[in-house]
Amino acid sequence: MKPRQLSSSSRGPFIQRAALALLLLFSATSDAISSNTVAVIVNDGLEPLIGMRLADFVEDLEREGYSADVRTWHLAGSTPAMLRSHLQALRPGLVGAVLIGDMPIANFEHYNDHATGSYACFPCDLYYMDLDSTWSDNDGNVVFDAVSPDPCPEIWVSRMTASTFTLIAESDLVNNHLRKNRLYRHGGRPMAQRGLTFIDNDWSGNAQQYNALDAVYAVRTRIYKKTLSTVTEYMNQLRANYEWIHVAAHSSPTAHTFDGVGRVGNTNIYAADPVSAFSEFFACKVALFTERNYMAGCYAFSAHNGVNVMAATKIGSMMDWNGFYGPIASGRTVGDSFRLWFQTHSLPSAYNIAWYYGQAMLGDGTLKIGRFNLSAVVPSVRAAIVEIGVLMVQYT
């Protein structure tokens, strides 16, 4: 199935709203593609239910200098190769893609994963980020198992995937996520410019390697002592005012474990409504979006604050965080920082496949941390206060 460009005949209410927002729809031909294009690809069954919020999102992208290529996607009968081909057609101007709703899943399989003799099969969004290499299915089971030459992601990809949630309807979760996105971009929920690093016991003896978030925030909290890395302390910290949290914990798609015994489940996280806007997890499988009420989604689709989550769909996680947090600290978007980090970790070695090929980003890759977000703060400013040397804006 080919992607379908939104038209006034097929999506009248959406286009009426989008016209007010100066929404520009581009064809997939190279001569119409801006050098700063973001592909916004929306499941065609979900799009009619989120049209108003989608128009707001595209308006914000356009105002920030992006050209939004907005398409609906019919999932039935489509393949990962079709979606990747669509992204390839948007080059050379494409910088990233936001996948909203269910899309074809590019699964990758790995034998002897982590040198344990185990088999892993997992969603691999690197397939959509790397647009030049050849991805192969050598055993013919419709799962990728090899890539050559060495992949090097040219774009970032983020996703808003909520169809597996049973807590709240998919359309409600996505609409609310887009609402939070706009609120964050416009400074409507100013957050303290500080970060939290919360490290569970198994890594407390080598906690210094997890301090890369220090490059982003002058004020940060580090918790890694065995007496503090408990369920109670973690839940308390989730309710504190941090813009970014960095967490290391043994996990599954539906739970974290702290102190070897304490368990925090997906419903606990969703009910807690974490205050942080951004999260990065050294935590296995929490981004496995094919699982019901998956953990990373409970942060990303929380009621009031979560706008971006970095996590893994398999056993493994991001490491070498300096290559990720460094660009963020210099003012790059979270998506571009993800792309730059992945460029140095995408070589298809057994180690990289095991640890990094399941890395995924939930939310919107065009976002920046708050202190670089001031260019978007224009309307309804009532007052400004200075906190820790950072301008915080209050809205009426």
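Predicted, not measured: the structure shown is a model, and the values here were computed from it. (Residues numbered from 1 in each chain as written. Predicted model: local features only at pLDDT ≥ 70, side-chain atom pairs only at ≥ 80, totals over all residues. Heavy atoms only, no water.)

### Side note on the overall build of the chain
Just so we agree on the cut-off: Put simply, DSSP H or I for four residues or longer makes a helix, DSSP E for two residues or longer makes a strand, and each gets a number counted from the N terminus. To sort residues, take the accessible area from a 1.4 Å probe on protein chains only and compare it with the maximum for the residue type: under 20% means buried, over 50% means exposed, and anything in between is partly exposed. Throughout, a contact is declared for two residues whenever any of their heavy atoms are within 4.5 Å. All accessible areas in this document rest on Shrake-Rupley with a 1.4 Å probe, and a residue is counted as covered only by the protein chains that are shown.
Each helix and strand counted, the chain has 11 helices and 20 strands in total. Relative to its 396 residues, the chain shows a buried fraction of 58%. When contacts within the chain are restricted to residue pairs at least 6 apart in sequence, those whose partners lie at least 24 apart make up 76%. For the chain, the computed accessible surface area is about 14,900 Å², with 53% contributed by carbon and sulfur atoms.

### Some details on the side chain of R159
As a reminder of what qualifies: We define a polar contact as two N or O atoms separated by no more than 3.5 Å, with the added condition that, inside protein, one atom must be a possible hydrogen donor and the other a possible acceptor, whereas residues neighbouring each other in sequence contribute only through side-chain atom pairs.
Following the sequence through the fold, R159 ends up in strand β9 (residues 156-160). One polar contact links R159 to D125, side chain to side chain, over a distance of 2.9 Å. Ignoring any residue separated from it by four or fewer positions in sequence, one finds R159 in contact with L99, D125, F289, M361, L362 and G363.

### With respect to the pairing of strand β18 (residues 359-363)
Put simply, the test is: Here, any two strands with at least 2 DSSP bridges between them count as paired.
With respect to burial, β18 is a largely interior element, five of its five residues being buried. As paired elements, strand β17 (residues 308-312) and β18 share five bridges and run antiparallel to each other. Across the sheet, A311 pairs through a bridge with A360, a residue of β18.

### Some details on the packing of helix α2 (residues 47-63) against helix α5 (residues 170-185)
In a packed pair of helices, the relevant descriptors are the angle between the two axes and the axis-to-axis distance. The condition is simple: The angle between two axes is taken between their N-to-C directions and runs from 0 to 180 degrees, where each axis is a line fitted to C-alpha atoms and a helix contributes only its stretch in contact. Orientation categories follow fixed angle ranges, with anything under 35 degrees roughly parallel, anything over 145 roughly antiparallel, 65 to 115 roughly perpendicular, and all other angles oblique. For any helix crossing, the convention is left-handed if the near helix is rotated counterclockwise from the far helix by under a right angle, and right-handed if that rotation is clockwise. When residues are grouped by polarity, Ala, Val, Leu, Ile, Met, Phe, Trp, Tyr, Cys and Pro land in nonpolar, Asp, Glu, Lys and Arg in charged, and all others, Gly among them, in polar.
Running from amino to carboxyl end, α2 crosses α5 at an angle of 25°, the nearest separation of the two axes being 9 Å. Taken together, α2 and α5 sit at an angle that is classed as roughly parallel. Where α2 crosses over α5, the handedness of that crossing is left-handed. Residues L49, I50, R53, L54, D56, F57, E59, D60, L61 and R63 of α2 form the contact with α5, whose participating residues are S171, V174, N175, L178, R179, N181, R182 and R185. For the contact of α2 with α5, the class distribution of residues is seven nonpolar, three polar and eight charged.

### A look at the sheet that holds strand β15 (residues 262-265)
The sheet built from three strands is open, its strands ordered β13-β14-β15 with antiparallel pairing. Of all strands in the sheet, those with a lone pairing partner are β13 (250-252) and β15, marking the two edges. Strand after strand, the sheet turns through a mean of 20° between neighbouring axes, direction not considered. Its contacts with the sheet put helix α6 (residues 231-238) on β14 (255-258) and β15, and the angle it makes with β15 is roughly 35°.

### Focus on the environment of V261
By secondary structure assignment, the location of V261 is in the loop between β14 and β15. On the basis of relative accessibility, which here comes to 70%, the residue V261 falls in the exposed class. In the structure, V261 is positioned 31 residues away from T230 in sequence and 9.0 Å away in space, judged by C-alpha atoms.

### A few points about empty space enclosed by the protein
One simple way to see leftover space: roll a probe sized like a water molecule over the atoms. Keep this limit in mind: Cavities and pockets were defined on a 1 Å grid built over protein atoms only: a cavity is a set of grid points that admits a 1.4 Å probe from which the probe cannot escape, a pocket is an open set flanked by protein on both sides within 12 Å along at least five of seven lines, and lining residues are those with an atom within 4 Å of any such point. Grid points are joined across faces, edges and corners, and a volume is the space filled by probe spheres set on the points.
Within this structure, the stated rule accounts for two cavities of 30 Å³ or more. Of the voids in this model, the second largest cavity is the one considered here, and its volume is about 50 Å³. Here the lining of the second largest cavity is built from residues that sort into four nonpolar, two polar and two charged.

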